[in-house]
Amino acid sequence: MAEGHSDQGINNAESSDNVVDGRTIVELAYRPQSADTLVGLRVRERIKWAGLLLRGALLFLSIGNWLVSAAVRGSVDVFSTAVLLLVVLLLWGYPRLQAAHVQRLVGWQGEYRATVSPAGITCRTDHSTLIQKWSVFQGYRETAGHFVLLSRDPNIMCVDVLPKRGVHEAGDIERLRAILDQYTPRV
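Engineer: What should I look at first to understand the environment of leucine 180 in this one?
Structural biologist: Take leucine 180: it is sitting in helix H5 (residues 171-183). Separated by 41 residues in sequence, leucine 180 and glycine 139 place their C-alpha atoms 8.4 Å apart. Dropping the residues within four chain positions of it, leucine 180 is found in contact with Trp134, Tyr140, Phe147 and Leu149.

Right under this line is the structure:
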């Protein structure tokens, strides 16, 4: 132990760093819905251009195939029309299927209680607790009804969605926005 320092002084300094002002904490309580996940997936989709480009290319090629087939034969081909409709249905329905799958994975846990503070985001259910520090996130995007936090990894595998309906008071949304702005950038 160094001269002039005590373990007690160090512990007090560490514990005083962990004291958080009540105004810098926002608590949310909500039941996750499939629509929340769909919003998160759409935000992720807009940030990651590769998936958007691939879907656009697939749609473009399907429409091109249908048009060329119709022009060569002089009439609409049933097979190419069915392929085009299948592609459109898959492009439209796949995010919804993903959101429904995620809802089955998380919905059974009941109400989520999220605490957003300078330390990060803590999410509790009756069955689990997840603590994420701000360093996990590359940033966030705000939508009309949600705050969507995106993970730092290159593929953005983790998307946290905080629904605005989960706040207790109207002023909590502004406080939540201020905390997010302070600890992670908007993307």
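Engineer: Got a minute to help me understand the sheet that holds strand E4 (residues 129-132) in this structure?
Structural biologist: Pairing between the strands of a sheet comes from backbone hydrogen bonds, and it takes one of two forms, parallel or antiparallel. Sheet architecture is open: four strands sit in the order E1-E2-E3-E4, paired in antiparallel fashion. Each having just a single partner strand, strand E1 (26-30) and E4 make up the two edges of the open sheet. The mean angle between the axes of side-by-side strands here comes to 15°, regardless of whether they run parallel or antiparallel. With four bridges joining them, strand E3 (residues 120-124) and E4 adopt antiparallel strand pairing. What sits directly across from threonine 122, in E4, is isoleucine 131. Across the sheet, H5 lies against E1 and strand E2 (112-117), angled at about 115° from E1, the strand it touches most.

Engineer: Looking at this structure, I do not really get the pairing of E3. What am I missing?
Structural biologist: Successive side chains on a regular strand alternate, one facing one side of the sheet and the next facing the other. For E3, a buried count of four out of five residues is recorded, marking the element as mostly surrounded by other parts of the structure. Judged from the five bridges that link them, E2 and E3 form a sheet pairing that is antiparallel. Bridging from a neighbouring strand, valine 116 pairs with isoleucine 121 of E3. Hairpin connection of E3 to E4: four residues between the antiparallel strands.

Engineer: It is not clear to me how the layout of surface pockets should be interpreted in this structure. Could you clarify?
Structural biologist: By rolling a water-sized probe across the atoms, one finds the places where empty space is left. Taken as a whole, the largest pocket spans an internal volume of roughly 1100 Å³. Residue lining of the largest pocket: 41 residues in total, with Thr37, Leu41, Val102, Cys158 and Val159 positioned closest to the centre. When residues of the lining of the largest pocket are assigned to their parent elements, the largest contribution, nine residues, is made by helix H4 (residues 78-106). Of the residues in the lining of the largest pocket, the class split is 24 nonpolar, 10 polar and seven charged.

Engineer: Mind showing me how you'd approach the packing of aromatic side chains here?
Structural biologist: In this description, a pair of aromatic rings is defined by centroid distance and the angle of the planes. If you walk through the whole model with that rule in mind, you get four aromatic pairs. Summarising the aromatic geometry, the rings of tyrosine 30 and tyrosine 112 are spaced 6.0 Å apart at their centres and angled 20° between planes, so their arrangement reads as stacked. With a gap of 82 residues between them, tyrosine 30 in strand E1 and tyrosine 112 in strand E2 connect regions that are remote in the sequence. Given a relative accessible area of 8%, tyrosine 30 falls into the buried group. Looking at tyrosine 112, the relative accessible area reads 11%, which means it is buried.

Engineer: Teacher, can you tell me more about the nonpolar core here?
Structural biologist: The tendency in soluble globular proteins is for nonpolar side chains to be buried as a group. Judged by nonpolar contacts, the single largest core of 19 residues is most densely connected at Leu28, Val116, Trp134, Leu149, Leu162 and Leu176. Where this core is concerned, the elements lending two or more residues are E1, E2, E3, strand E5 (137-142), strand E6 (146-151) and H5. Ranked by residue count, the leading element in this core is H5, at four residues. Not counting residues within four places of it along the chain, the set of residues in contact with tryptophan 134 comprises Val116, Ser117, Pro118, Ala119, Gly120, Ile121, Leu149, Arg152, Ile179, Leu180, Tyr183 and Thr184. The next biggest cluster of nonpolar side chains, apart from the first, holds six residues, and it includes Val39, Val148, Leu150 and Ile156.

Engineer: Looking at this model, I keep getting lost on the sheet that holds E6. Mind explaining?
Structural biologist: The antiparallel open sheet is built from three strands, whose spatial order is E5-E6-E7. Two strands in the sheet have a free side with no partner beyond their single neighbour: E5 and strand E7 (159-163). Neighbour to neighbour, the strand axes of the sheet diverge by 20° on average, direction disregarded. Lying over the sheet, helix H2 (residues 34-47) contacts E5, E6 and E7, oriented at roughly 50° with respect to E6. Contacting E5, E6 and E7, H5 crosses the sheet at an angle of about 20° to E6.

About the cut-offs
- Residues numbered from 1 in each chain as written.
- Predicted model: local features only at pLDDT ≥ 70, side-chain atom pairs only at ≥ 80, totals over all residues.
- Heavy atoms only, no water.
- Helix = DSSP H or I, 4+ residues; strand = E, 2+ residues; numbered from the N terminus.
- Contact = heavy atoms within 4.5 Å.
- Pairing = 2+ DSSP bridges.
- Axes fitted to C-alpha atoms, helices over the stretch in contact; angles between N-to-C directions.
- Buried < 20%, exposed > 50% of the residue type's maximum accessible area, 1.4 Å probe, protein only.
- 1 Å grid on protein atoms, 1.4 Å probe; cavity = no way out; pocket = protein on both sides within 12 Å on 5 of 7 lines; lining within 4 Å.
- Points joined across faces, edges and corners; volume = space filled by probe spheres on them.
- Nonpolar A, V, L, I, M, F, W, Y, C, P; charged D, E, K, R; others polar.
- Phe/Tyr/Trp six-rings, centres within 6.5 Å; stacked < 30°, edge-to-face > 60°.
- Core = buried A, V, L, I, M, F, W, Y, C linked by side-chain atoms within 4.5 Å.

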